[in-house]
Each structure stands twice: as C-alpha cells, then as structure tokens.
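Architecture at a glance
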Amino acid sequence: MSAPDLHNCFLRPPIIQILRAAGFHSARPAVIDTLTDLAARYLLLLASSTVDHALNSHAEDPIPTLDDILMTFNDVGALRPQKTPLEEDLEGEDMRGLELFLAWFSGPANTEIRRIAGCIPSEGDVVDVEDMGKEDYLSALKKKHSKTGEESRFQGTVLGKDVEDRPVVIEGGIESIKAWGTQVRSREQTAEPASTTMSSMSRTMVFSFSLPTTSHLSFQSYLTSPTHPSLPSSASTARHALRLALKKHKALLPAQRPAHLPSILTALHEYLPYLFALSQGLSSNPGPEHEDIDVILRTEIEVAWRATLSAPASALHVLHRAAQGARLKGCGLDFEIAFVLFTLGYVLSLRARTRVLNTVYASATPTVEQKTAAAQAAMKDLLAASSVHTYLASAGLGAMTSEAGHGPSSAPVPDMDPSTQSALASLAMAEATLLAVLKDDAYLSACIQARNKDDTEWMIKAPDIPKVRALLFARLCVRAAEYSEQAAASAGAVKSGGSSSPDSSGAERRKLDENLVNYMRVLARVGRAKACRFLGIDAEMAGKVGEGIAWLRAGKSILGFKGSLEGDEEKSGSKVTGRMGFSKLKRQWSERREEKRLEESASGKKGEQAAGLDWGDDAGREEEGRVIEMLEAKWMKMNDTVNTQAIPSSAAYLSRLPSGRDIHPPPGPYVPPHLDADHLARMRAPPESPGFADVGDSSEEEVGETHSERRGGYF
C-alpha cells in the first residue's frame, strides 16, 4: 500500500468517530471518502501555512510557535478578529475567537468526540485509573494485533519507532553502499551500454553499410614517374594505411566499429589526393597549380576489392554482405578510384548514422539543442555522401572486372553501375530530408523517452510537445518518400553483372542485393506515413479529432499494419478485434526477440556473424508505428469522452497527400582533392627507400578465407 493510501486509511476512523459524535449513525462510503479528503486537505493547508510563517518570522529557528499557529488560523479563516485594527489599538487585542475555540475544545462537543474515540470512559464503564486517557484507537489496535504487547513488530514503519542507522559491511574493499553506488554510476558514465545503441539499430532512418576490404597494391610495380619519382611510393604508403584501417574495422566487434570510423575517414582523405594525382599524370592533364605530372604505365594495374552491395546470384540467400564470396579483381586505376570513393560514401553515411543513434537513443534524454546539433552534423555527412555518389554516377568509371580465379568479365559489377550510384545518391538525400524533420519531431522523442528505462525526467514533468509546423513537415516527408521511390526504381533497374560469354562460364553473374532495394521501398512508406501523421496532427490542432484519427489510420495502412485501412473496430466485429490484438502481441514479441539478438551481437557473444543482424533495417517503420499507435490511443480516448466526432474512412485520405518540398538544395558536385604545391615539390625527390611489400600478409588472408569457406564441406 502506498503512503497516501495508508494515511487516508488512518484518517477515516477519526472522521467516522466525529460523525458518530455529531449524531450520524450511518453514511455512504462516498460521503466518508469526501469528508476524509476534505479533512486531509485542510490539515495539509494548516501545516504548510504554519511552516511558511515560521520560516518567514524566524528562519534561524524554524520551529513553529503559538504566534505562527494563530496567524495560520487567521489565514484559513478559522479565527477571524471581530474588531478592526483601530479598535484593537484602542481597546486591546481581540481574543474572542481564541476563547471560543478553547470553549469548544473543552466543551461537550469535543468531549463526546473523545468519548466515541475511546479516549475517555463512557458512563458505567469500569476502567483502570492509571490507563485512563492514555490510549487511543490506533494504540488499541496495535496492542490487539501484537501478541507480546511490544512495538518491535512495527519498528521501522510509520506505525512504530525509526530504526537506528547502522553501517552495512560490504565485502570486496568498498566502505559503504553509498560509495559502491558512486562507483557504479561513474562506471556507467564512462562506458555507455552497448545494448542501448544496438537495440535501436534496426529502427533508425540511416542505412548501415558494410565497408569493403582490399588486397595489397604497390604502385611502384605498375607505375613510374620521371617528374615526381616519389609519387608512386607515397601513394602506396597512404593506400597501405587505408587497407590496414579497413582490415581492423572488419575485425572489430559491432559495438566498437562506430568509434573506428574517424580513423578510416582520415586514411581516405590522406590517400585520395595521391590517387587523383596519379590519375592526373596518366591522363596528361595539368593540375590545379598548372604543374605537369608525368606518370608512365609499365603494366596494367590489377587490384582486388570485395563488393558489399552485390553477390553471386546463387548465394544471395546464404552469404552475408560482409563476406559475399571472394574479392573482385579489376584492371585499371579507375577501378581503384571507384572503390575508394565507394568507401568514402559508405563511411560518411555510417558516421551520420552513428551521430543519430548516439544522440536520439542515448541513455540520457537529449535536449533540443543536442538533437539539433547531431541532426545537422548527420545531414552534412549525408549531403556529402550524396555528392560522392553523384560524382561516381556521372564520372563513368568503368573497369574490367573478374571473379577471383577467373578471367576478365565483359560487364561491370552492379556496385559500379551508374544506376546504383544514382540510387545511393537519392537515398542519402531522402535520409537527410527525414533527419531535418527528426530534429523537431517531439512526438517521436516522447515515444522514445517513454521506453527509456534510464530516463527519470517523467518524475519531474511530462515531455514537452511544442507546436509543430505540421504542413511543412508533411511536405518534407513526402519529398523524402519521392527520393526513396526514385532510389528504389534506379536500384531495381540495375541488371546482373558478370560474364555472359560461353568461354567464361566459371565467372558467376552477380546481382544487387534485394535487401537494399527493400530498404529503399520501406523508407518511402515511412516517409508517406510520417506525412499522414503530421497532417493528422494539423487536423487535431484545428479541433477535427475524427479527421486526425483517419489520417493516423491512413499512415498505419501505408506502413502495412493489418486492420488499419478499415479503421472501424466497431464495424469489423469482435473476431477481427481479437485478431488485431493477437497481431499486435506477435509484433511486440518479435521486437523483443530482435532486441535480445541485437544485445547479444553488441556484447560479441556470437562473433563476426552477429554483425549482420542490422542488415534487415526497417527504415524506422516500427518506430513510426509506435508513434502513430500512441497518438491514436490518446485521440480515441479524447474522442470517446469529450468530442465524439465521426471518424471518416481512411481510404479516401491516401490520395490527398500534398506535393513534396525540398529543404536541402542539391549538393554541389564532388571536387576531387589534389596535392598542394609543397607536396608536389617534395615528390620530385627520389624515394627514400624501396616500397614495402606485404603480399604474404595478403595471401595469408586469402588462404584463411578459403579455408573458412570450405570448413565443414566435402570435396
């Protein structure tokens, strides 16, 4: 029983005794409860006013005095002086109110109340003179329920004496529980729990790409520069740093990879200027500083990269995208440039994803300023990624590719198709547009905060829901859906890559993974569902609750939740209602199971294979469904009790979505970085030492991959 309920139960018997003394022999429970509540409020008002007067009059000793109590009685109207202040100055202080109170206290009315309460004996009772007037009804009840007659049974509760504080000895070297709690809190602050972030991975609106890995490449074996002899070796050194960073990223646990992204981004920025300098030298184009770079091709460059967006068509249902078969061997420097820029776009998207996750799904509820800063930084990364993919789509970086161990292929892999890069550019624009809405979406933040076990702000105040620009947000969400549909159409038009000639039958055709295309389609649905939600919010703010509920149900139908398009539980019957409840129960169970699997992957219990659990990202579908269900339950309760408006059919609202509106201008074209004049001048010196070779390291990796693929098979 809670403290307020217990105190209310203690106050009920005195109220009943007062009514009995006043001549009432029976009363309804509602009357008793009402009088008890009034008495409790009155006593609380007396106590709080007395404390206020004591603090204002003598703050150094805040114990209430008789003057404080008299002023409190005057404030509440219990003792009002019947003389004016001028009459009191002339005739003395008016004490008639206090005298009347004392007369009542010692009069027959209060005597009858005390008799009914058992404080004084009734006429004809035989009592012990020593115990007379010493026991009230509560003391009698405590003695009745205590076999020994002692109060040890009630010690440490509100009915007995307080328990003396004693130090608790803790094994392990910690002095007290307070010190142990401080140590645990400091440990939690220094190390953020991985489950908080991982459990929300499948509900974010930024796609999780896997980074490719590459084989060893020494440019000195393929290129030479008479004007800048150190350029090939310097490029090899920068590429080696990038290769090691990608290998380390792949070996890390999923929870450790976001912290390693800045290292990969730094290696990319250091390697790209050298790479484009070599490309400039091979094309004989003058650089930005009008310094000619001459590079001579000794033999065709051959390098291997692992594609992460495509796989052999026969293995799409078996292989995970992080280990989709052997690496692809390509010829030419354009093949190297293309995959390095792929990696740059993926890293920018992953960094945007990490910023959103670490802020929106943090253990401590973020402020509006923190969400705005994280969303703006993430949008900047996504716009940069869109610019990179647009450059790749328009640059036409084609190359001869082949599967490992087979001859060259006559068609590029789907990863290098211009349609794929156009799709990725549109996808980044859609995600950046939705993030512009996310930073001001207080309803989504309130839904996330309600599920946060570590949040304690609800103890102080309810979540702030400011007025939103619903129509503007709806148009932005529609534009994001249009970007996503455009991306899905471009990705769906990508043809399978590989050799189609009879001479190269061993080279298996590759196909773009359907999970990426499905993610784009789901993101389009989420964008349109968000638009329906904001249009419903606009209708609800205008007082049209029924129309707002219809918009919410239209959004649920877009997301694909069963029974949402009909929208009328009363018309569908009890059987349909039961099925809807069972579907919701199954969905909640599947969500809990997924969160458990993601927590296991965060702790690294299942190794590298657990990293693929976020491959089936739902683009925020489940999160948006929760927000819509929260608003629908709230508005249905309002409509059933206050407004009672008719709820129209939601099917007619699907065709009433407004046109989309851009919030981000088209990103500028990606400008390839170039070496400055000082770096180029240093490249004119001969190389300090011959280039390193870690071919053995690369071959060992390939051998290890071959053995891991064959383990458990029969050959």
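Structure first, text after, so check above.
Everything in this summary refers to the structure shown in the same document.

Cut-off values and rules
Residues numbered from 1 in each chain as written. Predicted model: local features only at pLDDT ≥ 70, side-chain atom pairs only at ≥ 80, totals over all residues. Heavy atoms only, no water. Helix = DSSP H or I, 4+ residues; strand = E, 2+ residues; numbered from the N terminus. Buried < 20%, exposed > 50% of the residue type's maximum accessible area, 1.4 Å probe, protein only. Contact = heavy atoms within 4.5 Å. Areas by Shrake-Rupley, 256 points an atom, 1.4 Å probe, with all protein chains shown as cover. Core = buried A, V, L, I, M, F, W, Y, C linked by side-chain atoms within 4.5 Å. Domains from an automatic or database assignment. Axes fitted to C-alpha atoms, helices over the stretch in contact; angles between N-to-C directions. Parallel < 35°, antiparallel > 145°, perpendicular 65-115°, else oblique. Left-handed = near helix turned anticlockwise from the far one by under 90°. Pairing = 2+ DSSP bridges.

Thoughts on the overall build of the chain
Broken down by element type, the chain carries 22 helices and seven strands. Looking at the chain as a whole, 41% of its 715 residues are labelled buried. Taking all contacts inside the chain whose residues are at least 6 apart in sequence as the whole, residues at least 24 apart take part in 78%. Carbon and sulfur atoms provide 56% of the accessible area of the chain, an area that totals close to 39,000 Å².

Digging into the nonpolar core
Residues Phe219, Leu231, Leu341, Leu344 and Met520 are the most contacted members of the largest nonpolar core, which totals 122 residues. Broken down by element, the residue count for this core peaks at 17 residues, all from helix α12 (residues 333–360). Of the domains in this structure, domain 1 (212–310 + 325–401 + 414–438 + 668–688) and domain 2 (440–495 + 513–562 + 617–657) are the two that each give at least three residues to this core.

Section: the packing of α12 against helix α14 (residues 418–438)
Relative orientation of the contacting elements α12 and α14 amounts to 20°, with a least axis distance of 12 Å. One way to sum up the angle between α12 and α14 is to call them roughly parallel. Our pair here, α12 against α14, has a crossing hand that is left-handed. Of the residues in α14, those in contact with Phe342, Tyr346, Val356 and Val360 of α12 are Gln421, Leu424, Leu435 and Leu438.

Points about the pairing of strand β5 (residues 328–331)
Here β5 shows one buried face, formed by Leu328 and Gly330, and one open face, formed by Lys329 and Cys331. Bridge analysis of strand β3 (residues 302–305) against β5 gives four bridges, and the strand direction is antiparallel. Looking across to β5, one finds that Trp305 is bridged to Leu328.

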